[in-house]
2 protein chains.
Amino acid sequence: MADWKTIGEQKRQSVQDKIPKEWRLPASTLADAHAASDLDVTSIPRECGILTADEVTITESYDATDLLAKLAAGEYSATAVTTAFCKRAAIAQQLTSCLTEIFFDEALERSAFLDDYLATNKKPLGPLHGLPISIKDSFNYIGQDTTLGFVSFVGKSTATHHSALVRMLLDLGAVLYIKSNVPQTLMTADSENHVFGRTLNPHRLTLTAGGSSGGEGAIVGMRAALLGVGTDIGGSIRVPAMCCGTFGFRPSASRIPYGEQSTPGRVGSPGVLAAAGPLTTSARDLSLFMKIVLNQQPWQYDHSVYHVAWRPVAEKKTLRVGLLPLDPAFPVHPPMKRALQSAIDRLKDVDGIELVPLEYVPSIAVANRQIADYYSLDPDITPFKNIEASGEPKIRSVAESPFVSQRNGRLIMDDLYTLNANRAQAMAEWHKNVWIAKNLDVLLGPVAETTAMPHDTFGNTPYTTLYNYLDYPSVVIPHGKADKAVDVGEGFVSYKGYNAEKTHGAPTAIQLAARPLFDEELLAAAEKIAAILKV
Amino acid sequence: MADWKTIGEQKRQSVQDKIPKEWRLPASTLADAHAASDLDVTSIPRECGILTADEVTITESYDATDLLAKLAAGEYSATAVTTAFCKRAAIAQQLTSCLTEIFFDEALERSAFLDDYLATNKKPLGPLHGLPISIKDSFNYIGQDTTLGFVSFVGKSTATHHSALVRMLLDLGAVLYIKSNVPQTLMTADSENHVFGRTLNPHRLTLTAGGSSGGEGAIVGMRAALLGVGTDIGGSIRVPAMCCGTFGFRPSASRIPYGEQSTPGRVGSPGVLAAAGPLTTSARDLSLFMKIVLNQQPWQYDHSVYHVAWRPVAEKKTLRVGLLPLDPAFPVHPPMKRALQSAIDRLKDVDGIELVPLEYVPSIAVANRQIADYYSLDPDITPFKNIEASGEPKIRSVAESPFVSQRNGRLIMDDLYTLNANRAQAMAEWHKNVWIAKNLDVLLGPVAETTAMPHDTFGNTPYTTLYNYLDYPSVVIPHGKADKAVDVGEGFVSYKGYNAEKTHGAPTAIQLAARPLFDEELLAAAEKIAAILKV
């Protein structure tokens, strides 16, 4: 039996081999594409000559809403669009290691079928007709592996079924062509593993792309997809979205089909639910995705999805935006604080927006301690067993993870009852003393303490995890970039450290959240606020 | 400190003392009102002379829908209606021991306020204006005790807050006047405890009224309320409804506010969720209750309620009704089998109804074994501690409960993961191979193996518990009565025993169920089917 390194390398090479020769970047470009390079690679797809001018337009001039209209009108063929995004994905992969599986051939067969369909039937197959959509590795796609980055899963995880969401997306007319990279265990903000390597941040390769849907972040950040689907149990959609400068949405749990995925942990956790959701290049594309999926009766595909269709919401005359008080335990770094202040400054005099400073919210630190316990319930510590099974070592961000404690696997039923009781109490407290008392529509706050950080130093994610704990839908809106000239941070102290030089150029963002199952209201607010912020 | 018997007797007497002297039944009537009497007491309220002719009409000639229209129109005053139902509740209490708390005085003050309101404002306070609604003892009502039938809770459980649903019902204009009896632990179908005694079945006092919302069953069965609210984690609404010949509905969990109740077990259970729901005298009143509560934004009152308003549903051209195959492990007794067959016979030739016999469903017996484990998770076995705290003994149905096993309190995290995984698999299996494969709208089957049984012999509840396990909304429609002349049951064998003589006269019923959050579709089907069955 081969050793873990060889198994990982062979698998990685077999994926790399699926990139056609004519889509490969020159060695001179590749020489600078590594984790110690400060390169911003977002313009390489446009400049490298692999894409035609039309393909640059297709991938750079539209969001999914616009492109779908052009596909439905036959203005672009599905094949032209698919080819453009396959090329761009190939380039993104060479620069950022964002992919796990590549199935361009199958995608091009499908796009040809869709073009025939449109020609014959004079109408698109469905509302996602011809749109290439990227999916996180955890989704199963027949014939492709679902290794989740575990060496021990290589050769043993070829999917014989589609995940529920994959079946839906295909029924809706989408083209699937790639699966994307994740961290070993899926529980860190560094999407690195011993099979596919480390996903790099397209805006600066020395920085993390975020995790666990880090591959999706890099892909959408590179516009190698206009729509990617990730999953989020602590920030795994929102952190990569922020790191890579995209929009990202964690819906309320159980709205978007999560079923028939593979998971790194043991099935049957009584803890916090993960949610599937989109990463996009525009605010309205988040709504587009939700609306299309929820209007396709997802509960016919997945038993665990709520029977709750998309609810059109009327625009509120006055949107009451609560300003989340920052937790002194989690000091927000200068660039993120500036992004937040900038958003507040732009919103404060807008008609129809009322900013509501909050003096009190229940403890964010306590919520984070408790969710760490929820993450530690699995008595078998299954993700670690999956690591050990091949002899591969832990990646650094797993070894140093704040979620991996002495308590991992040792919590007992008594702890779980206490956790659940405390969580219910916190939810009731937020409900009564924040939402109802202040009559709020949404909460505005940071996505994280930091922007994308140098590899392996991102650490925990208190401001995203909070909303998983509360099961609040929450959305990331990109807003600006870190700037060492402005974000000097003199005298700023953080347990995570802060270095204006090292994070210069990293995208910054804000986060909005709403109460459970107020997804539609939240997205309407996000569109409104994104328009004001001009993103 | 007084012994448990004295404490119980004193509390019971203090409640009994709240019945005005002029509403007390003569000793000759009371002499026959005991657990060993075969009396049917349902006609006593009309015959005993305590109610005026008008009050008999108010309590017997309408369902809640009709009576609310008359209250809103000022045709009956809230005071007249409240007085009528207080009298009837007083009588029901003397005959069946269905109550735990009585607050007639407060109810009459409120009804006077409501009458003033209507006179002044020329409109009702809300859609439940003036309707007396009975609530299970587990709901908290300020100033009343929530003993749950535990002697150890007497004197220590006076509510200082209303439960979320109580606040809603009051905002909607309802009149609250009584709380109703439950079994010790709330986990049996015999509503008996050492504080309030045993609730008897109004149709035959030797039979159980069901449990755990047995007090509600007897109250609505006596028409001492047209609308009662119970809770259900294994059949606790549906079994009493069936036993007492009323309609009963267990909604999908988390639709009707369950918050701020008292519970017999430890808070924080990761198991099956209980649901609050109505018992009524007509099918349309179930929809009335749901529609009114869900249109009042219950998520503003209770953080744990889904943000899912009442969804109006169009009538289906063809209602596909799957016929649940009976589990040989749980043989259905002759009267219940006859009720089911009678319903099927009446439905089979109706236009717009398509009966779909099912050859296969996942095991009902396995679901029941697993839900018994969910009931056993509490590591402190809290309900038993609440018993022991006063020195009172277990009631017989608790001591012999099929849900109280060696495993109680001993299950560990590993068991819970296995349980959750198995449950998710069963849910997926039902979804795929029953609902989707057969394209069903509702399932039709028995409520229980038996009708109401002689006290302490009801045992487990496999056909209701199944739907708690699956979180299916499910509704009980009364249909006929056991008849020893027809339901002879020669050669019928059941581990529960069957005695045509002893259950003669007990109400029979059918049960309909739908997928999670298909409450609206289910209730529409229930109204249609009840109309066909002429109930």
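Remember, it's a predicted structure, so these values are computed and weren't measured experimentally.

Peer 1: How should the sheet that holds strand β7 (residues 247–250) of chain A be read in this particular structure?
Peer 2: Residue and element names in this part refer to chain A. With mixed pairing, 11 strands are arranged side by side in an open sheet as β1-β3-β2-β6-β8-β7-β12-β13-β11-β9-β10. Whereas interior strands pair on both sides, the edge strands pair on one side only; in this sheet they are β1 (99–102) and β10 (353–357). Averaged over all pairs of adjacent strands, the angle between strand axes in this sheet comes to 25 degrees, irrespective of strand direction. Of the pairings in the sheet, the one linking strand β9 (residues 319–323) to strand β11 (residues 442–446) comprises three bridges and is parallel in character. Among the inter-strand pairings, L323 is bridged to a residue of β11, identified as L444.

Peer 1: It is not clear to me how the nonpolar core should be interpreted in this structure. Could you clarify?
Peer 2: Nonpolar side chains in soluble globular proteins tend to end up buried together. By size, the foremost hydrophobic cluster in this structure holds 323 residues, and its most contacted members are I477, L512 and A526 of chain A together with I477, L512 and A526 of chain B. In contact with I477 of chain A, not counting residues within four places along its chain, are F247, A283, A509, I510, L512, A526, I529, A530, L533 and V535 of chain A.

Peer 1: How should I be thinking about the relation of the copies chain B and chain A in this particular structure?
Peer 2: Each of the two chain copies can be brought onto the other by rotation about an axis and movement along it. Overlaying chain B on chain A yields an RMSD of 0.0 Å, the required transformation being a rotation through 180 degrees with an accompanying axial translation of 0.0 Å. Between the two chains, the operation in question is that of a two-fold axis.

Peer 1: What am I meant to see in the pairing of strand β6 (residues 227–232) of chain B here?
Peer 2: On a regular strand, one side chain projects to one face of the sheet and the next to the other, so that they alternate. Counting buried residues along β6 of chain B, six of its six residues qualify, which places the element largely inside the surrounding structure. Side-chain alternation along β6 of chain B places L227, V229 and T231 of chain B on one buried face and G228, G230 and D232 of chain B on a second face that is also buried.

Peer 1: Would you explain helix α4 (residues 53–60) of chain B in this entry?
Peer 2: Residues spaced three or four apart along an α-helix face the same direction, because each turn holds 3.6 residues. Residues and elements named next belong to chain B. Within α4, burial applies to E55, I58 and T59. Mapping the buried residues of α4 onto a view down its axis gives an arc of 90 degrees, with all of them on the same face. Here the buried face of α4 lies against α6 (78–96).

Peer 1: Would you explain the sheet that holds strand β9 (residues 319–323) of chain B in this entry?
Peer 2: Note: strands within a sheet are paired through backbone hydrogen bonds, in either parallel or antiparallel orientation. Residue and element names in this part refer to chain B. Read across the sheet, 11 strands follow the order β1-β3-β2-β6-β8-β7-β12-β13-β11-β9-β10 without closing on themselves; strand pairing throughout is mixed. The sheet terminates laterally at β1 (99–102) and β10 (353–357), the two strands that pair on one side only. Strand after strand, the sheet turns through a mean of 30 degrees between neighbouring axes, direction not considered. Bridge count for strand β12 (residues 474–481) against strand β13 (residues 507–513) is six bridges, and the pairing is antiparallel. Looking at the pairing, P478 lines up with A509 of β13.

Peer 1: Would you mind going over the pairing of strand β8 (residues 275–280) of chain B with me for this structure?
Peer 2: Residues and elements named next belong to chain B. The buried count for β8 comes to six of six residues, which makes it a mostly enclosed element. Sheet topology note: the β6/β8 ladder contains six bridges and is antiparallel. Its bridge partner being in β8, T231 is matched across the sheet by A276. The sheet contact formed by strand β7 (residues 247–250) and β8 spans two bridges and is antiparallel. Bridging across to β8, G248 finds its partner in L279.

Peer 1: Would you explain the interface of chain B and chain A in this entry?
Peer 2: Frequently, the measure chosen for interface size is the accessible area removed from exposure when the parts meet. Taken together, the 29 residues of chain B in the interface contact 29 residues of chain A. Its residues assigned to classes, the side of chain B that touches chain A comprises 18 nonpolar, eight polar and three charged.

Peer 1: Would you mind showing me how to read the environment of I44 of chain B here?
Peer 2: Residues and elements named next belong to chain B. Here I44 shows up in helix α3 (residues 44–47). Overall, I44 belongs to the buried group, with 21 C-beta atoms counted inside 10 Å. It is 50 Å that separates the C-alpha atoms of I44 and A437, two residues lying 393 residues apart in sequence. Those residues in contact with I44, other than ones at most four positions away along the chain, are T29, I91 and L95.

Cut-off values and rules
Residues numbered from 1 in each chain as written. Chains lettered and ligands numbered in written order. Predicted model: local features only at pLDDT ≥ 70, side-chain atom pairs only at ≥ 80, totals over all residues. Pairing = 2+ DSSP bridges. Helix = DSSP H or I, 4+ residues; strand = E, 2+ residues; numbered from the N terminus. Axes fitted to C-alpha atoms, helices over the stretch in contact; angles between N-to-C directions. Core = buried A, V, L, I, M, F, W, Y, C linked by C-beta atoms within 7 Å. Buried ≥ 20, exposed ≤ 12 C-beta atoms within 10 Å, placed from the backbone. Contact = placed C-beta atoms within 7 Å. Least-squares fit on C-alpha atoms with pLDDT ≥ 70 in both. Arc of directions from axis to C-beta. Nonpolar A, V, L, I, M, F, W, Y, C, P; charged D, E, K, R; others polar.

Keep in mind these values describe shape, not function.
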